[in-house]
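# Results of the structural survey
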Amino acid sequence: MYDVVIVGGGPAGFTAAIYTARAKLKTLIIERAYFGGQMAITDQMENYPGFEAVSGMELANKMYGQATKFGAEVEMAEVVELDLYGDIKKVITREKTYEAKSVILAMGASPRKLGLPNEEKLVGAGISYCATCDGAFFRDKDVAVVGGGDTAAEDALYLARFCRKVYLIHRRDEMRATKILADLVVNTPKITPLWNSEVEEIIGENSLEAVKVRNNKTNEISKLDISGLFIAIGYIPNNELVKGKIDLNEWGYIKTDENMRTNIPGVFAAGDVREKTLRQVVTAASDGAIAAHSAEQYLTGREL
Ligand code: NAP
């Protein structure tokens, strides 16, 4: 029987584990793919405090080492079912059922992909799903953002502050983003919107060199020579395990209070899988620390 089982081994999960293990709670982290989550596939981070630049993989390894040093156990397995009601929770993988007095859900979210050849290969070499994380590497360069929602609008505005030119490639002729952001985008001289446009081809061997864009009204193809392509076509929360079992917001993110408590006693959520405004490693780590503290309070009967 574990005091805390943490589902997901990204920065939220590992930070939670560092705190719970250090508090002498019997802790297990279960991760299905690779430790570090999205962080592990981030080439360089310049916005994690304390590191002028660090690779996501290096930070993931450090978090892993720190959590296990304090006694957290880690398991590489896919959780297939959760039984979260009652005092004893069950976390079920294909091989085993783990029992826990509390559970921290830290399954993260996945950026929606365009699904084009070369897309996966060039992630970290010109293709990014996070302008706030990677934008600074493209100072004075020409870049493009794909999407027409609030994220795409914010990304384009952010990149326009230091990139030479920003194309906004959107499949329709009006943005889905809130009017104030959409107006700002069209009124920013450095941003060139390409309406009714879809990325047809991603070109580049070792790094991104260009994209081919098709106008879906005229079928005209144009080639944009760009160093960065920021894909902002939405995120998909990894909520498959809790859909229909826990309160989610309208976009499928887990609802929590500011102490990371979900609507189920003893069940907490942290990181990108929960409802929040800024999805970054530093905010995931913060959530993890708070969730761990709340779990400890719950287990010792000191919950507010
Ligand atoms: P979103 O609102 O779902 O917008 C996704 C955009 O990508 C849409 O314009 C969509 O086009 C386009 N798109 C989707 N799939 C595509 C594909 N396969 N190829 C090309 N384009 C595609 O996603 P989001 O911008 O990440 O925002 C998610 C939620 O968070 C939204 O509700 C948003 O309001 C909220 N949010 C709020 C703020 C803020 O308040 N500051 C900031 C960020 C996000 P269509 O328009 O044609 O469907």
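Residues numbered from 1 in each chain as written. Predicted model: local features only at pLDDT ≥ 70, side-chain atom pairs only at ≥ 80, totals over all residues. Heavy atoms only, no water.

### Considering the overall build of the protein
When its secondary structure is counted, the protein shows six helices and 17 strands. Computed over its C-alpha atoms, the radius of gyration of the protein comes to 21 Å, within 12% of the 19 Å expected for a compact globule of 304 residues. Projected onto its principal axes, the C-alpha coordinates of the protein cover approximately 60 × 35 × 35 Å. Buried residues in the protein amount to 51% of all 304 residues. Partitioning the contacts of the protein with sequence separation of at least 6, the portion at a separation of at least 24 is 58%. With the model as given, the accessible surface of the protein reaches about 14,800 Å², and the carbon-plus-sulfur share is 48%. Positive and negative charge centroids in the protein, built from 36 and 42 side chains respectively, lie 1 Å apart. (Helix = DSSP H or I, 4+ residues; strand = E, 2+ residues; numbered from the N terminus. Rg over C-alpha atoms; globule rule 2.2 N^0.38 Å. Buried < 20%, exposed > 50% of the residue type's maximum accessible area, 1.4 Å probe, protein only. Contact = heavy atoms within 4.5 Å. Areas by Shrake-Rupley, 256 points an atom, 1.4 Å probe, with all protein chains shown as cover. Lys, Arg positive; Asp, Glu negative; His and termini not counted. Charge placed at Lys NZ, Arg CZ, Asp CG, Glu CD.)

### Considering the domain arrangement of the protein
Domain boundaries in the protein define domain 1 (2-111 + 235-302) and domain 2 (127-231). Taking the mean C-alpha position of each, domain 1 and domain 2 sit 32 Å from one another. Facing the seven residues of domain 1 at the interface are seven residues of domain 2. Buried surface at the junction of domain 1 and domain 2, both sides included, amounts to about 570 Å², of which 57% is carbon and sulfur. Our enumeration of links across domain 1 and domain 2 arrives at zero salt bridges. Counting the contacts that link domain 1 with domain 2 gives one residue pair in polar contact (both at pLDDT 80 or more). Residues that form the side of domain 1 that touches domain 2 fall into these classes: two nonpolar, four polar and one charged. (Domains from an automatic or database assignment. Buried area = accessible area lost by both parts, 1.4 Å probe. Salt bridge = Lys/Arg side-chain N within 4 Å of Asp/Glu carboxyl O. Polar contact = N/O pair within 3.5 Å; in protein donor to acceptor, adjacent residues only side chain to side chain. Nonpolar A, V, L, I, M, F, W, Y, C, P; charged D, E, K, R; others polar.)

### Some remarks on the packing of aromatic side chains
Two aromatic rings are characterised by how far apart their centres lie and by the angle between their planes. Under the criterion given, the structure shown has eight aromatic pairs. Ring centres 6.2 Å apart and planes at 45 degrees place the aromatic pair Tyr48 and Phe51 in the tilted group. With a relative accessible area of 17%, Tyr48 lands in the buried category. The partly exposed category is assigned to Phe51, whose relative accessible area is 26%. Sitting over the face of the ring of Tyr129, Lys113 holds its NZ or CZ atom 5.5 Å from the ring centroid. Lying over the aromatic face of Tyr253, Arg279 brings its terminal NZ or CZ to 3.8 Å of the ring centre. (Phe/Tyr/Trp six-rings, centres within 6.5 Å; stacked < 30°, edge-to-face > 60°. Lys NZ or Arg CZ within 6 Å of the ring centre and 35° of its normal.)

### Some points on the state of the cysteines
Overall, the coordinates contain one disulfide when judged by the stated rule. Put simply, Cys130 and Cys133 are joined by a disulfide, and their sulfur atoms are 2.0 Å apart. Disulfide Cys130-Cys133: the torsion about the S-S bond is 75 degrees, which places it as right-handed. On the accessibility criterion, Cys130 (14% relative accessible area) is buried. Taking relative accessible area as the criterion, Cys133 reaches 21% and is therefore assigned partly exposed. Unpaired in this structure, Cys163 has its nearest cysteine sulfur neighbour in Cys130, at a distance of 14 Å. (Disulfide = S-S within 2.5 Å.)

### Quick word on the site of the ligand
Close to the ligand lie 15 residues, the nearest being Asp150, Thr151, Glu154, Arg172 and Arg176. Arg172 places a side-chain nitrogen or oxygen 2.7 Å from an oxygen atom of the ligand. One nitrogen or oxygen atom from the side chain of Trp251 is found 3.3 Å from an oxygen atom belonging to the ligand. Considered class by class, the residues forming the shell around the ligand number four nonpolar, six polar and five charged. (Near = heavy atom within 4 Å.)

### A look at the layout of surface pockets
Any empty space left between atoms is shown by rolling a water-sized probe over those atoms. Empty space within the second largest pocket amounts to approximately 160 Å³. Contributions of two or more residues to the lining of the second largest pocket are made by α1 (11-22) and α2 (56-69). Broken down by element, the residue count for the lining of the second largest pocket peaks at four residues, all from α2. Residue composition of the lining of the second largest pocket, grouped by class: six nonpolar, two polar and one charged. (1 Å grid on protein atoms, 1.4 Å probe; cavity = no way out; pocket = protein on both sides within 12 Å on 5 of 7 lines; lining within 4 Å. Points joined across faces, edges and corners; volume = space filled by probe spheres on them.)

### Thoughts on the packing of α1 against α2
The contact between α1 and α2 brings their axes to 8 Å, and the two run at 25 degrees. Comparing their axes, α2 and α1 come out roughly parallel. Every pair of crossing elements has a handedness; the one defined by α1 and α2 is left-handed. Contacts between α1 and α2 involve Pro11, Phe14, Thr15, Ala17, Ile18 and Ala21 on the former and, on the latter, Met63, Tyr64, Gln66 and Ala67. Of the residues that constitute the contact of α1 with α2, the class distribution is eight nonpolar, two polar and no charged. (Axes fitted to C-alpha atoms, helices over the stretch in contact; angles between N-to-C directions. Parallel < 35°, antiparallel > 145°, perpendicular 65-115°, else oblique. Left-handed = near helix turned anticlockwise from the far one by under 90°.)

### Let's talk about the sheet that holds strand β12 (residues 197-203)
Strand order in the open sheet formed by three strands is β12-β13-β14, with antiparallel pairing between adjacent strands. At either end of the open sheet lies a strand with only one pairing partner, and these are β12 and β14 (221-225). When the angles between neighbouring strand axes are averaged without regard to direction, this sheet yields 30 degrees. Note that β12 and strand β13 (residues 210-215) share six bridges and pair antiparallel. (Pairing = 2+ DSSP bridges.)

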